[in-house]
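# Secondary and tertiary structure notes
Here is what each chain is made of, one letter per residue.
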Amino acid sequence: MSLAAYCVICCRRIGTSTPSPKSNTYWRDVLLALKKSLTLDTQVVEREKMKSYIYVHTVSLDKRENHGITYQARKELHKAVRKVLATSAKILRGPFADPFSTVDVEDHECAVWLLLRKSKLDDRTARLQAVQEMSETHHWHDYQYRIIAQACDPRTLIGLARSKESDLRFFLPPPSLPSLTEDYSIEEELRQLLASLPQTELDECIQYFTSLALSESSQSLAAQKGGLWCFGGNGLPYAESFGEVPSATVEMFCLEALIKHSEMPTHCDQIEANGGLQLLQRLYRLHKDCPKIQRNIMRIIGNMALNEHLHSPIVRSGWVSLLAEAMKSPHIMEASHAARSLANLDRDTVREKYQDGVYVLHPQYRTSQPIKADVLFIHGLMGAAFKTWRQQDAEHQGPTDEASEDEARHTTCWPKTWLARDCPALRIISVEYDTSLSDWRARCPMERKSIAFRSNELLRKLRAAGVGDRPLIWVSHSMGGLLVKKMLLEASKKPEMNTVINNTRGIVFYSVPHHGSHLAEYSVNIRYLLFPSLEVKELSKDSPALKTLQDDFLEFAKDKNFQVLNFVETLPTYIGSMIKLHVVPVESADLGIGDLIPVDVNHLNICKPKQKDAFLYQRTLQFIRETLAKDLEN
């Protein structure tokens, strides 16, 4: 654009002296040569060139016309033209300088440059307003979006990615990735990255996944035998024969190891220094049709984004563009993983940090809606942050379909779709943690975590996410309710966690085995077949830890006057095709305070309403609104 303007300046025939014909020919040749060098066969460049030219009439060669009013008017006109050209050049050299004003450029260009300048101000309110105005603009041409994409700073780019209405044209394609050497595959690159990370002072699980990834190859896939039961979450998987061994790719083993490594800040530095951001991006693009791999990669990016000094490398590597696209995915899990990563990158509007397994279901974008309270969803054994809270499955669906990985059938999450719409002033968080019923089923066989251990781990993560800063309600299913009880008891012993206790308004328990579960007893009786995990053993009716937890929490909840709502199943749950079991009987689901409501569903569907007007959802919604009534009014 500036070169084109320079052409105009060079060829202008204005002034007091008349140029010689030879000089005219010389400048005409220069102009044609420069113009030819600028000619590119793209519409965008052509439009930019046309906007850069300023057309004026040349001075007449007739000396008689160089006097009088006409001469003076033409002279003033040329002065004005020179001033405009000089100002335009200044804008191009420093578009955010103070002298820039709306009279310096055409009206349809003012908004772009003014918003860019405003987005770089020190005034946070003005900066956020500029990003919002950018995101709500949908009438610009492609080149105007590209101007923003190329000229904005990382803070503005992240803000646009977290703005719901943002056009994806704001985001440049990620930089080209370096080509792989002929001697290396992605699998080998992942191995090399893992091998470069510190291997000392690691916990047993990191050692397990790292050794598994480094020892297995695509020709020798690692085998993991499945367990028989799945309690309190995704469902009850079918019993697998001992001859069937599910396989996993080496990439998945490497990603599992990298997820664990990325939970350690020093290891995140090593991942970035050794080209991990680019390698993960290559794998992400390669597996467009494998959401599970993409989600695991976004988990790693989200963990790395917890370290603010890594924000610049993450932005430079092009991850913001990929995350902005994933945020608009119709699949809740993909969108939520991207939302977590971007929230950790956004230090302009987000104070909290969302560690691995803590997902905000609402609001996932920047919003002007004041958030007045939190609602937390805690799943049970073998549960999940999203699938546990889906709508009830169709009547004809068999038990094997319950544990299916087909995401097309399991993308609905009623806290995100229904509750967020009915109570927009809530921040809705869902927590995910690894559990197992059988030691065979454990993702990390060395990881034997008790309810007490998990409660402290989750409490630390939730506090980092700002839980306790606002009034809150806990919603739990199955063993998740025991975790909630233990977390609240532990928080009461720590002065820094007092806000969690003081701001807890109420708890919803969906079939929580306060007094133990028949499944635990059944599992122990056939331990030679199941090898129950530590979590399952703690659910036995004769478990001293479970009885102490119930007694201590009942007294504590009465003292704090927590509002409580209990639901309990009345129908047995099918395990495989032959066995059915009443997982949590009515007497076990009775906490001792609050309403106890039996519902004619099984253990899996007690937290899955059939539809929005179903009793399960409407009664839960009523409890939340009534318990938080005063807080939501303020």
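Structure: above.
The notes below deal with the structure included here. Keep in mind that what you see is a predicted model, and the values were worked out from it rather than measured.

Our next topic: the overall build of the protein chain. The number of helices and strands found in the protein chain is 29 helices and nine strands. Taken across its 634 residues, the protein chain has 53% of its residues classed as buried. Total accessible area computed for the protein chain in this model is approximately 29,600 Å², and 53% of it derives from carbon and sulfur atoms.

The next thing to look at is helix H13 (residues 276-286). A large share of H13 lies buried, amounting to eight of its eleven residues. Gly 276, Leu 277, Leu 279, Leu 280, Gln 281, Arg 282, Leu 283 and Tyr 284 are the residues of H13 that are buried. Where the residues of H13 are buried, they touch helix H9 (186-196), helix H11 (250-261), helix H12 (265-273), helix H14 (291-304), helix H15 (311-316) and helix H16 (319-327).

This part is about the nonpolar core. Membership of the largest hydrophobic core comes to 65 residues, with the highest contact counts inside it found for Ile 148, Leu 255, Leu 258, Ile 314, Trp 319 and Val 320. Counting residues per element, this core draws most heavily on H11, which supplies eight residues. Those residues in contact with Val 320 that lie beyond four places of it in its chain are Leu 157, Ile 158, Ala 161, Phe 171, Ile 314, Val 315, Leu 342 and Leu 345.

What follows is about the packing of aromatic side chains. Taken as a whole and assessed by the stated rule, the structure comprises 14 aromatic pairs. Considering the side-chain rings of Tyr 284 and Trp 319, the 5.4 Å spacing of their centres and the 75 degrees angle between planes classify their relative orientation as edge-to-face. Taken together, the residues span a long stretch of sequence, with Tyr 284 in helix H13 and Trp 319 in helix H16 at a distance of 35 residues. Like Tyr 284, the residue Trp 319 is buried in the burial classification. For the ring pair Phe 556 and Phe 562, a centre distance of 5.7 Å and an interplane angle of 75 degrees mean the geometry is edge-to-face. Given the relative accessible area of 6%, Phe 562 is considered buried. Members of the aromatic cluster, joined through ring pairs, are Phe 377, Trp 389, Trp 414, Trp 418, Tyr 510, Phe 567 and Tyr 617.

Every α-helix carries 3.6 residues per turn, so stepping three or four residues along brings you back to the same face. All buried positions along helix H19 (residues 414-422) are accounted for by Trp 414, Pro 415, Trp 418, Leu 419 and Ala 420. Packing partners of the buried residues in H19 comprise strand S1 (358-362), strand S2 (373-378), strand S3 (426-431), strand S5 (504-510) and helix H28 (615-627).

Here we take up the packing of H14 against helix H17 (residues 332-345). Packed helices, taken two at a time, are described by the angle between their axes plus the distance between the axes. Between H14 and H17, whose axes approach to 8 Å, the crossing angle comes to 15 degrees. The angle between H14 and H17 places the two elements in the roughly parallel class. You can see that H14 and H17 cross each other, and the crossing is left-handed. Across the interface between the two elements, Pro 291, Arg 295, Met 298, Arg 299, Ile 301, Gly 302 and Asn 303 from H14 touch Met 333, Glu 334, His 337, Ala 338, Arg 340, Ser 341 and Asn 344 from H17. Here the residues of the contact of H14 with H17 sort into five nonpolar, five polar and four charged.

Bringing the sheet that holds S2 into the picture now. Pairing in this open sheet of seven strands is mixed, and the strands run S1-S3-S2-S4-S5-S6-S9 from one edge to the other. Two strands close off the open sheet at either side, each with one partner strand: S1 and strand S9 (595-599). Strand-to-strand, the axes of this sheet are offset by a mean angle of 20 degrees, without reference to chain direction. Bridge count for S1 against S3 is four bridges, and the pairing is antiparallel. Bridging from a neighbouring strand, Tyr 359 pairs with Ser 430 of S3. Along the sheet, helix H21 (residues 479-491) makes contact with S2, strand S4 (472-477) and S5, crossing S4 at roughly 140 degrees.

What follows is about the side chain of Asn 303. You can see Asn 303 is positioned in helix H14. Polar contacts involving the side chain of Asn 303 include one to the side chain of Ser 262, which spans 2.9 Å. Among residues more than four places away in sequence, those in contact with Asn 303 are Ile 259, Ser 262, Glu 263, Cys 268, Arg 340 and Asp 356.

Now for the pattern of salt bridges. Summed over the entire model, instances satisfying the criterion amount to 20 salt bridges. Asp 551 serves as the salt-bridge partner of Lys 547, at 3.1 Å between the closest nitrogen and oxygen. Highlighted residues: Lys 547 and Asp 551, both in helix H26 (residues 544-560), separated by four residues, approximately one helical turn. Since its relative accessible area comes to 55%, Lys 547 is described here as exposed. The class for Asp 551 is partly exposed, based on a relative accessible area of 39%. By sharing partners, the salt bridges in this structure join Asp 142, Asp 167 and Arg 169 into a single network.

A word on the environment of Ser 341. Tracing the backbone shows Ser 341 in helix H17. As a C-alpha pair, Ser 341 and Lys 353 span twelve residues in sequence and 9.7 Å in three-dimensional space. Once residues lying within four places of it in the same chain are set aside, the contact partners of Ser 341 are Met 298, Ile 301, Gly 302, Ala 305 and Leu 323. Among the polar contacts listed, one links the side chain of Ser 341 to the backbone oxygen of Met 298, at a separation of 3.2 Å.

Here Leu 116 shows up in helix H5 (residues 107-119). Put simply, Leu 116 and Ala 130 are 14 residues apart on the chain and 7.6 Å apart in space, counted from C-alpha to C-alpha.

Considering the arrangement of structural elements, one finds Ser 588 in helix H27 (residues 586-589). Setting aside its immediate chain neighbours within four residues, Ser 588 contacts Val 512, Pro 513, His 514, His 515 and Gly 516.

Remark: H9 packs on H11, axes separated minimally by 10 Å, with the N-to-C direction vectors making an angle of 25 degrees. With respect to H11, the axis of H9 lies roughly parallel. Where H9 crosses over H11, the handedness of that crossing is left-handed. Within the contact between the two elements, H9 uses Glu 187, Leu 190, Arg 191, Leu 193 and Leu 194 and H11 uses Val 250, Glu 251, Cys 254, Ala 257, Leu 258 and His 261. Here the residues of the contact of H9 with H11 sort into seven nonpolar, one polar and three charged.

Once that is clear, we can look at the pairing of S3. Of all the six residues making up S3, six are buried; the element is thus mostly covered by neighbouring parts of the structure. Of the two faces of S3, the one carrying Leu 426, Ile 428 and Ser 430 and the one carrying Arg 427, Ile 429 and Val 431 are both buried. Across six bridges, S2 lies against S3 in parallel orientation. Residue pairing across strands places Val 375 opposite Ile 428, the latter belonging to S3.

Parameters at a glance
- Residues numbered from 1 in each chain as written.
- Predicted model: local features only at pLDDT ≥ 70, side-chain atom pairs only at ≥ 80, totals over all residues.
- Heavy atoms only, no water.
- Helix = DSSP H or I, 4+ residues; strand = E, 2+ residues; numbered from the N terminus.
- Buried < 20%, exposed > 50% of the residue type's maximum accessible area, 1.4 Å probe, protein only.
- Areas by Shrake-Rupley, 256 points an atom, 1.4 Å probe, with all protein chains shown as cover.
- Contact = heavy atoms within 4.5 Å.
- Core = buried A, V, L, I, M, F, W, Y, C linked by side-chain atoms within 4.5 Å.
- Phe/Tyr/Trp six-rings, centres within 6.5 Å; stacked < 30°, edge-to-face > 60°.
- Axes fitted to C-alpha atoms, helices over the stretch in contact; angles between N-to-C directions.
- Parallel < 35°, antiparallel > 145°, perpendicular 65-115°, else oblique.
- Left-handed = near helix turned anticlockwise from the far one by under 90°.
- Nonpolar A, V, L, I, M, F, W, Y, C, P; charged D, E, K, R; others polar.
- Pairing = 2+ DSSP bridges.
- Polar contact = N/O pair within 3.5 Å; in protein donor to acceptor, adjacent residues only side chain to side chain.
- Salt bridge = Lys/Arg side-chain N within 4 Å of Asp/Glu carboxyl O.

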